[in-house]
Amino acid sequence: MSLSEQVRDGIAREMAKYPKKRGALLPALHLAQAELGHISVETAKELAEVFEIRPIDVMEVVSFYNMFYDRPQGRHHVYVCTNLPCSLRGARTLMRGIEARLGIEAGETTADGRITLGHEECLGACAYAPMLRVGGTYHEDLDLEKAMQILDGLE
Amino acid sequence: MLTVPYVTSYLSEHFGDDAFRTLEGYRARGGYQAAKKALTEMSPEDVVELVKTAGLQGRGGAGFSTGLKWSFMPKETDKPKYLACNADESEPGSFKDRILLERGPHQMLEGILIAAWATGAEKTFVYVRGEYAYPARCLQQAIDEAEAAGILGANVMGTGFRHDVVLMRGAGAYICGEETGLLESLEGKKGQPRKKPPFPAQYGAFGMPTTVNNVETFCHVPHILTRGADWFRGFGTEKSPGTTIFGVSGHVVRPGLYELPLGTRLDEIVFEHAGGVPDGRKVKGVIPGGMSMPVLPASMLDVPMANESLRERKTMLGTGGIMVMDETTCMVRAACVITYFFRDESCGQCTQCREGTGWMNRIVERIERGAGTHEDLEVLLDVCGKMEGQTICAFADAAAWPVQGLLRHFREDFEEHVRRQKCPFPDSFEL
Ligand SMILES: Cc1cc2nc3c(=O)[nH]c(=O)nc-3n(C[C@H](O)[C@H](O)[C@H](O)COP(=O)(O)O)c2cc1C
Ligand code: SF4
Ligand code: FES
């Protein structure tokens, strides 16, 4: 898979905003990943060319940031926040329940490739705990039943 | 759903009103008048002086004087100058910047414009944590509106002053909230903090003079411009003026946001505003300012929430994220969660931090499992001591403080685990 024209145009627009073009690397990775699902070695090579840096420079950045993936992921990312405020309100109990219902553990993907489950650090929703995010969408004030309704609704 | 603060003051009074999020609604409430006044009636030096006199302190955690920080920006320079707005908000227990972005993005942009005038900055990079997809959309919409209306861009409100705002999204790394980690990340690199000096005002984003301020810090600025330093000093304490938006979480009846003057007593926030602990249980401990700040025991909650008084109790205001733990809470489990976080988020540049956070986490987990020894407690304190003040950035201190706090006030919890060789708190939150 290679970067589409659309992504390349988007990257060019981002580059114009920064005094040095490398400033647009994180925006570029977001754009590429939104289209391709993860940043493969090939994608890193293409990006490296666009940015005139080495592929290893791109991969280093990918591995530093939790939200960039260097391998294929489930269709949906489900992250349960397990930091202290959420844990105080039962986040880890919720996580166990979800693991049992999905038959996987945090860090794994369901056999049908539908859901990758993970735990996550504080997401800035501590008053509405426990909570999880599916991609960019927050779901707050959950219990196991509400959480499973949300997960069951994912294609 | 993120709800508007239960108690509001000047920052959040219009947050219940959807129109306030739009340029039209913001202007209808007097929006952008303060920036207009600064740019047309005041010199940059006047603005810096005013913010200094008002006594505004940064709301990102360190509490540094905002006016003073602005005055560090070089005046005679041919380099472009920048601002960076820190919207990385990743300190566990903190969620105030999120509502400021979602419900009042123009208020923040106006504060940025005034700061830009005061420092001579031509561009602001707003660094929003990657997980804040919705707050980022709200802000981008406001930026687009302001550009279209000529409030941002080549000729700000017809004054000839140029200022652009660029929103960048992070990608899930707590350390990018540290200001030089943020600058590295802006440059498209790993967010590893820089050695200081040079400080950002000399060598900041892309090597140019840069001032970094927190979202909330910018939000106070238009109000100071409009209503003056004396008015601002009417809120809060002599040394810590103004309000802040406290976030209350954990074991309380009404977790949420509360905009209150600095210096409001912690027990008033926990019991009167947030309703105390549910079901008649008692408070055991409260973390007063985000997870990096040392815990306070129930006997010390009469403290005013301002740095000068919190420091006397060996803790700090931090981000104002208040976490309440009730009497069922096992403080060793709390230590497990806290140390896991810091172990996971250390950027790994400094040995003391990389190794120390791992050591702390392994020791407290061992104690929680019932395999700890009395010697472990001494080792734990020793590791904390070695992490403090030794590293490139304050992350290592921030990792050591909460553990020291737990041992200072709840050592008995740790001892009891060691004596019984198991966790003595069956009703505590699950790990
Ligand atoms: C480990 C670490 C994490 C930090 N995270 C944040 C953050 O998420 N948001 C923030 O505004 N400041 C954060 N800070 C503080 C910043 O380094 C900096 O002091 C602040 O953004 C300055 O703005 P202010 O003066 O307006 O508070 C962090 C500091 C450290 C050491
Ligand atoms: S103290 Fe920790 S987080 Fe900060 S630079 Fe050193 S290793 Fe990185
Ligand atoms: S601890 Fe879960 S959102 Fe803050």
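Residues numbered from 1 in each chain as written. Chains lettered and ligands numbered in written order. Predicted model: local features only at pLDDT ≥ 70, side-chain atom pairs only at ≥ 80, totals over all residues. Heavy atoms only, no water.

Enquirer: What's the story with the overall build of chain B in this structure? I'm lost.
Expert: Helices and strands together make up the secondary structure of chain B, namely 15 helices and nine strands. Rg of the C-alpha trace for chain B: 22 Å, near the compact-globule value of 22 Å for 431 residues, within the 12% margin. Dimensions of chain B, computed from the C-alpha atoms along their principal axes, are close to 75 × 45 × 35 Å. Taken over 431 residues, chain B has a buried fraction of 64%. (Helix = DSSP H or I, 4+ residues; strand = E, 2+ residues; numbered from the N terminus. Rg over C-alpha atoms; globule rule 2.2 N^0.38 Å. Buried < 20%, exposed > 50% of the residue type's maximum accessible area, 1.4 Å probe, protein only.)

Enquirer: Help me out: how do you make sense of the pairing of strand S2 (residues 123–128) of chain B in this one?
Expert: Look at any regular strand and the pattern is simple: side chains alternate between the two faces of the sheet. Residues and elements named next belong to chain B. Burial analysis of S2 places six of its six residues in the buried class, which makes it a mostly covered element. Here S2 shows a buried face lined by Lys-123, Phe-125 and Tyr-127 and a second buried face lined by Thr-124, Val-126 and Val-128. One ladder, built from six bridges, connects S2 with strand S3 (residues 164–169); its direction is parallel. What sits directly across from Val-126, in S3, is Leu-167. One crossover worth recording links S2 to the parallel S3 by way of helix H7 (residues 133–148), and it is right-handed. (Pairing = 2+ DSSP bridges. Right-handed = clockwise from strand over helix to strand, strands pointing away.)

Enquirer: Can you help me understand the pattern of salt bridges in this one?
Expert: Should their charged atoms come close, side chains of opposite charge can pair. A complete count under the given rule lists 40 salt bridges over all chains for this structure. Residue Lys-190 of chain B pairs with Glu-60 of chain A through a salt bridge whose shortest N-O separation is 3.6 Å. Of this pair, Lys-190 of chain B sits in the loop between helix H8 (179–186) and strand S4 (210–214) while Glu-60 of chain A sits in helix H4 (residues 55–64), each in a different chain. One network of salt bridges, with partners in common, ties together Arg-59, Lys-96, Asp-97 and Glu-216 of chain B. (Salt bridge = Lys/Arg side-chain N within 4 Å of Asp/Glu carboxyl O.)

Enquirer: Where do I start with the sheet that holds strand S1 (residues 76–81) of chain A in this structure?
Expert: Strand pairing in a sheet takes place through backbone hydrogen bonds and is either antiparallel or parallel in direction. Residue and element names in this part refer to chain A. With respect to topology, four strands assemble into an open sheet ordered S2-S1-S3-S4, the strand pairing being mixed. At either margin of the open sheet sits one strand with a lone partner, and together these are strand S2 (115–120) and strand S4 (137–139). If you compare each strand with its neighbour and ignore which way they point, the axes differ by 25 degrees on average. Pairing analysis gives six bridges linking S1 to S2, with the strands arranged parallel. Each bridged residue has a counterpart across the sheet, and for Cys-81 the counterpart in S2 is Glu-120. With respect to the sheet, helix H6 (residues 91–102) is in contact with S1, S2 and strand S3 (132–134), its orientation differing from that of S2 by roughly 165 degrees. (Axes fitted to C-alpha atoms, helices over the stretch in contact; angles between N-to-C directions. Contact = heavy atoms within 4.5 Å.)

Enquirer: Got a minute to help me understand the site of ligand 2 in this structure?
Expert: Cys-347, Gln-349, Cys-350, Cys-353 and Cys-393 of chain B are the nearest of the 13 residues found near ligand 2. Residues belonging to the shell around ligand 2 are distributed by class as follows: nine nonpolar, four polar and no charged. (Near = heavy atom within 4 Å. Nonpolar A, V, L, I, M, F, W, Y, C, P; charged D, E, K, R; others polar.)

Enquirer: Explain the interface of chain B and chain A to me, please; I cannot follow it from the model alone.
Expert: One frequently used descriptor of interface size is the decrease in accessible area upon assembly of the parts. Contact residues are listed per partner, giving 61 residues for chain B and 41 residues for chain A. For the pair chain B and chain A, the summed buried surface comes to about 4,100 Å²; carbon and sulfur atoms form 59% of the total. Scanning the region where chain B abuts chain A turns up three salt bridges. As a salt-bridge pair, Glu-430 of chain B and Arg-96 of chain A come within 2.2 Å of each other at their nearest N and O atoms. If you list the elements that add at least two residues to the side of chain B that touches chain A, you get S2, S3, H8, strand S5 (243–250), strand S9 (321–326) and helix H12 (331–345) of chain B. Per-element accounting of the side of chain B that touches chain A gives the leading share, seven residues, to H12 of chain B. Within the side of chain B that touches chain A, the residues separate by chemical class into 34 nonpolar, 15 polar and twelve charged. (Buried area = accessible area lost by both parts, 1.4 Å probe.)

Enquirer: So what exactly am I meant to see when it comes to the nonpolar core here?
Expert: Generally speaking, nonpolar side chains in soluble globular proteins are found buried as a group. Counting residues in each nonpolar core, the largest one holds 86 residues, and the members touching the most others are Leu-29, Leu-47, Phe-51, Tyr-65 and Leu-84 of chain A together with Phe-342 and Phe-414 of chain B. For this core, the leading source of residues is helix H15 (residues 395–420) of chain B, giving eleven residues. Counting residues in hydrophobic clusters, the runner-up holds 73 residues, among them Cys-81 of chain A together with Leu-100, Leu-101 and Ala-136 of chain B. (Core = buried A, V, L, I, M, F, W, Y, C linked by side-chain atoms within 4.5 Å.)

Enquirer: What should I look at first to understand the packing of H12 of chain B against H15 of chain B in this one?
Expert: When two helices pack together, their arrangement is captured by the angle between the axes and the distance separating the axes. All names here are of chain B. H15 packs onto H12 with a crossing angle of 160 degrees between their chain directions and a minimal axis gap of 9 Å. With respect to H15, the axis of H12 lies roughly antiparallel. Considering only the axes of H12 and H15, their crossing is left-handed. Across from Met-331, Val-332, Ala-335, Ile-338, Thr-339, Phe-342 and Glu-345 in H12, the residues of H15 making contact are Phe-395, Ala-398, Ala-399, Pro-402, Val-403, Leu-406, Phe-410, Asp-413, Phe-414 and His-417. For the contact of H12 with H15, the per-class residue count stands at 13 nonpolar, two polar and two charged. (Parallel < 35°, antiparallel > 145°, perpendicular 65-115°, else oblique. Left-handed = near helix turned anticlockwise from the far one by under 90°.)

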